[in-house]
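Close look at the chain arrangement
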Amino acid sequence: MRIRRVGHSFFRIISPKGKVIVVDPWIAGNPTCPKEWREPGKWTDVDVVLLTHGHFDHTAGLNEICRASSKVQVIAIYELALSLKFKGRKNVLAINKSGTIMLDGIRYTAVNAAHTSSFSELEKGKTEYLGTAVGYVITFENGLKVYIAGDTGLTADMRFVVGDFFKPAVAILPVDGVLCMDPEQAVYATKQIGCKYVIPCHDFPNPDDAPDKEGMSTFIKQFPFVQYLIEKSEEFAELMKREDKVKTVILKPGESTEIG
């Protein structure tokens, strides 16, 4: 399995048999998305898009990907799936917590996440609530399991459902400390999950290190709380040095790694 962090909480995963899975796409307006990954030609091979919830930084690239790939299937929590269908989106599969969808030999199971889910049109002053947030456990063709937590705080499910029942080898966890778990909480979550590899996300780079430096500075001015989400992955990695049973994999925007 090859996994690439495109930026923020936006991931592209290639399964052992070559299926391409995108998690929480955010392209336009994403200062952490490298320029080359904004090109439509990068997304023509996508088979599945997983949406953990409706916030713009997890859904705002869906249209671009669906335009690029006519075969793509979108998996989302029931209310978000219905909203997408009502707006004309095709090939949307609704799921709910503990439900499983199987596509091309890969199992996608929705698990609990402690977070909200909505989509806001700021210029209209409107917010559409879209059910609750979820995470996913992906079971690949070779049996490898990856837990994608999505946006979440600490939950007991991380131990008793994800850890004890699914036993994933890889966990992708938010570490930002404002909208989700902070690095210290994420370290605790890692121990409960019992994974071999952990990939932190949902933080931002310093503007000088961002793929779009000017865009990152503008984004912080637009959303001032973002200044508290900077370089939390590095803080998490430092804390994880005490945990010798788990390998921490830091992926900067655009970087990828092979696991399994």
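Thresholds applied
- Residues numbered from 1 in each chain as written.
- Predicted model: local features only at pLDDT ≥ 70, side-chain atom pairs only at ≥ 80, totals over all residues.
- Heavy atoms only, no water.
- Pairing = 2+ DSSP bridges.
- Helix = DSSP H or I, 4+ residues; strand = E, 2+ residues; numbered from the N terminus.
- Contact = heavy atoms within 4.5 Å.
- Axes fitted to C-alpha atoms, helices over the stretch in contact; angles between N-to-C directions.
- Buried < 20%, exposed > 50% of the residue type's maximum accessible area, 1.4 Å probe, protein only.
- Patch = residues over 30% accessible without salt bridge, like charges linked within 9 Å, V, L, I, M, F, W, Y side chains within 5 Å.
- Areas by Shrake-Rupley, 256 points an atom, 1.4 Å probe, with all protein chains shown as cover.
- Salt bridge = Lys/Arg side-chain N within 4 Å of Asp/Glu carboxyl O.
- Lys, Arg positive; Asp, Glu negative; His and termini not counted.
- Charge placed at Lys NZ, Arg CZ, Asp CG, Glu CD.
- Core = buried A, V, L, I, M, F, W, Y, C linked by side-chain atoms within 4.5 Å.
- Parallel < 35°, antiparallel > 145°, perpendicular 65-115°, else oblique.
- Left-handed = near helix turned anticlockwise from the far one by under 90°.

**Examining the sheet that holds strand β7 (residues 100-103)**
Overall, mixed pairing links the seven strands, which are arranged β7-β8-β11-β12-β13-β14-β15 in an open sheet. A strand with exactly one partner marks an edge of an open sheet, and here the two such strands are β7 and β15 (247-248). Examined bridge by bridge, strand β12 (residues 145-148) and strand β13 (residues 170-174) share three bridges and lie parallel to one another. What sits directly across from Y147, in β13, is A171. Lying on the sheet, helix α4 (residues 157-166) is in contact with β8 (106-112), β11 (134-139) and β12; it crosses β8 at an angle near 160 degrees. Lying over the sheet, helix α7 (residues 232-240) contacts β14 (197-201) and β15, oriented at roughly 150 degrees with respect to β14.

**A closer look at the pairing of β14**
Extensive coverage of β14 is indicated by the burial of four of its five residues. Alignment of β13 against β14, held across five bridges, turns out to be parallel. Residue A171 lies in a different strand from β14, and its bridge partner there is V198.

**Focus on a negative patch on the surface**
There is a patch of like negative charges on the surface, built from D208, D209, E231 and E234. Within the fold, E234 resides in helix α7.

**Some words on the nonpolar core**
Ranked by internal contacts, the top residues of the largest apolar core, which has 54 residues, are W43 and L50. Excluding anything up to four places from it in sequence, W43 contacts V6, F10, R12, V22, I27, W37, I65, A68 and S69. If you look at the next biggest cluster of nonpolar residues, it comprises 20 residues, including A171, L173, C195 and F236.

**Observations regarding the packing of helix α5 (residues 183-193) against α7**
Between α5 and α7, the least distance of the axes is 9 Å, while the angle of their chain directions is 50 degrees. The angle between α5 and α7 places the two elements in the oblique class. For α5 against α7, the interelement crossing comes out right-handed. Note on element contacts: α7 touches α5 through K232, E235, F236, L239 and M240, opposite P183, E184, A186, V187 and T190.

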